[in-house]
Amino acid sequence: MFERGTVPSGTSSAAPARQRLVVVGSGIAGLYAALLAADAGADTVLLTKGRLDESNTWYAQGGISAVLQDPAPGDTVAAHIADTLRAGAGHCDEVAVRLMCTEARLDIEGLRRFGVRFDMGNGGGPALGLEAAHSAPRILHAGGDATGARVAEALIRAVLAAQGEGKLRVLTRAYATALLKDGGRVTGVGYLQDGRTAGIEADAVLLATGGAGQLFAQTTNPGVATADGLALAVRAGAATADLEFFQFHPTCMVDTAADRSAAPAGPLLISEAVRGEGAILVDAGGRRFMRAYHPDAELAPRDVVSRSIALHLAKLGDPNGHVYLDARVIEEARGEGFLEGRFPTLTRKTREAGIDWTANLSRWRRRPTTGWAASPPTTPPAPASPGSTPPAKSPAPVSTAQTGWPATRSSKDSSSAAALLRTSSPRPTALLGRRLPALLRGLSRPLPASP
Ligand SMILES: Cc1cc2nc3c(=O)[nH]c(=O)nc-3n(C[C@H](O)[C@H](O)[C@H](O)COP(=O)(O)OP(=O)(O)OC[C@H]3O[C@@H](n4cnc5c(N)ncnc54)[C@H](O)[C@@H]3O)c2cc1C
């Protein structure tokens, strides 16, 4: 009942059959690996549970870090490695870090070869953004803040072209449900497609099934991020490691939609690149607080910023409160229209959520996995000291809903001034068992000493 490995046409029956690789997942990892494998002559099958474009990858905004042949002045691969190890605070697999930082430029070239076009800077080379924990600008982006969608579009085009040339096969709506085994060896993938079970034999299986954001009640991940690959691997007897490592993006737009019909599908992550361009975090009193927690302030590593928000709110006696992102300072420094040009998608989405981030503060909540969320503030933040944060003009409309999006519009002249961040207790589902709540409690531990 399972398909057999194929012998390429034009080869004699004595010729060895091509090795078959089944790739599960159509995010950047699966698409790119399938293209590379097909190029290398493997009999490649790409299997994904939804459409090809249903992935976390599609939502990635800020970009990909790499030190290129022609880097920002003074930047080196060694600096990239050092930054990564420092941000990892002793948890990194150093061999992996060295490999990824060293080979990043090769993979950027690989992505380009498959049609990915990164945004270009004024100097003729790629535009390089700055993000937290990086000591130099080295983030390549595409479509401003639509990097994931642009990367995925190009790779999907390349995959479909390769399929057209008979170099690989694509199975969509094919939900991997089991790794087939013969003794201790994985021999294929069982899957469900259009209500029917099927299976495909393979010499090797690559699980590129993405993350587990949907294990959390609040996440910026799409519905497909349900940790399937991890479950498949565990059931097949694979050893797992580092399951406690989940990304808590410091900032998710607080969703307080009064009118849910106007609310977008999920919480909005605002790329760290926005802080990289100069946006600052302020509390409900208008005080910029990150400098008290880490010398890199808003550009400290994400876990540090997440914990700092939580600690700061706890210190203020408002553990379920919010903090605000002030992106207005970017336009003040870079000129009117900069935010729209650099972050077109976020400008549109925040506008749809009722926030003009060139003029308003928006409210933010720390989210499990990648994400930010914002809403009009419930109370206008008043600056603590002149110059720290421009004064609020008038309160934006209030909504207390925890999920959904703000439906009310704020204008430059009528709303308070910045975006509000909030810390909330993530509610992990049972799948990760008892370890995760313990980990989450760990978020309130003191921050490590500043480097
Ligand atoms: C809002 C947001 C912003 C982000 N911004 C950035 C950023 O700026 N920079 C950055 O580096 N990262 C960013 N990330 C993270 C980045 O998107 C992911 O790390 C990356 O895309 C993961 O790629 P992947 O190919 O491993 O997984 P995914 O892109 O999640 O792909 C997984 C694939 O597996 C498929 N799949 C899952 N289970 C099964 C199954 N049982 N059977 C068949 N198929 C299955 C899914 O349908 C999907 O196609 C962001 C993430 C989000 C959500």
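No experiment lies behind these values; they were computed from the predicted model shown. (Residues numbered from 1 in each chain as written. Predicted model: local features only at pLDDT ≥ 70, side-chain atom pairs only at ≥ 80, totals over all residues.)

**Overview of the site of the ligand**
Here comes step 1: Around the ligand lies a shell of 38 residues, among which Gly25, Gly27, Asn56, Gly62 and Gly210 are the nearest.
Here comes step 2: The set of elements that each furnish at least two residues to the shell around the ligand consists of helix H1 (28-39), helix H4 (147-164) and strand S7 (174-182).
Here comes step 3: Top contributing element to the shell around the ligand by residue count: H1, with 3 residues.
Here comes step 4: The class makeup of the residues in the shell around the ligand is 13 nonpolar, 22 polar and 3 charged. (Near = placed C-beta within 6 Å. Helix = DSSP H or I, 4+ residues; strand = E, 2+ residues; numbered from the N terminus. Nonpolar A, V, L, I, M, F, W, Y, C, P; charged D, E, K, R; others polar.)

**With respect to the nonpolar core**
Here comes step 1: One finds Val22, Leu35, Leu47, Leu155, Val159 and Val189 to be the most contacted residues of the largest nonpolar core, which totals 86 residues.
Here comes step 2: Here this core spans two domains, and each of domain 1 (64-140) and domain 2 (252-423) adds at least three residues to it.
Here comes step 3: Once you skip the residues sitting within four places of it in the chain, leucine 47 turns out to touch Val22, Val23, Val24, Leu171, Ala174, Ala176, Val189 and Tyr191.
Here comes step 4: By size, the runner-up hydrophobic cluster in this structure holds 6 residues, among which are Leu215, Phe216, Val224 and Leu230. (Core = buried A, V, L, I, M, F, W, Y, C linked by C-beta atoms within 7 Å. Buried ≥ 20, exposed ≤ 12 C-beta atoms within 10 Å, placed from the backbone. Domains from an automatic or database assignment. Contact = placed C-beta atoms within 7 Å.)

**Observations regarding unusual backbone geometry**
Here comes step 1: A positive phi is found at alanine 89, a non-glycine position, where the angle reads about 45 degrees.
Here comes step 2: Relative to the helices and strands, alanine 89 resides in the loop between helix H2 (77-88) and helix H3 (94-113).

**A word on the sheet that holds strand S4 (residues 128-129)**
Here comes step 1: Spatially, 3 strands are ordered S3-S5-S4 in an open sheet, and the strand pairing comes out antiparallel. Edge strands, defined here as strands with exactly one partner in the open sheet, are strand S3 (64-65) and S4. (Pairing = 2+ DSSP bridges.)

**Here we look at the packing of H1 against H4**
Here comes step 1: Close contact between H1 and H4 brings their axes to 10 Å; oriented N to C, the two are set at 35 degrees. H1 and H4 meet at a crossing whose hand is left-handed. Facing Ile28, Leu31, Tyr32, Ala34, Leu35 and Ala38 of H1, the residues of H4 in contact are Val151, Ala152, Leu155, Ile156, Ala158, Val159 and Ala162.
Here comes step 2: Tallied by class, the residues present in the contact of H1 with H4 amount to 13 nonpolar, no polar and no charged. (Axes fitted to C-alpha atoms, helices over the stretch in contact; angles between N-to-C directions. Left-handed = near helix turned anticlockwise from the far one by under 90°.)

Coordinates in, geometry out; function isn't part of it.
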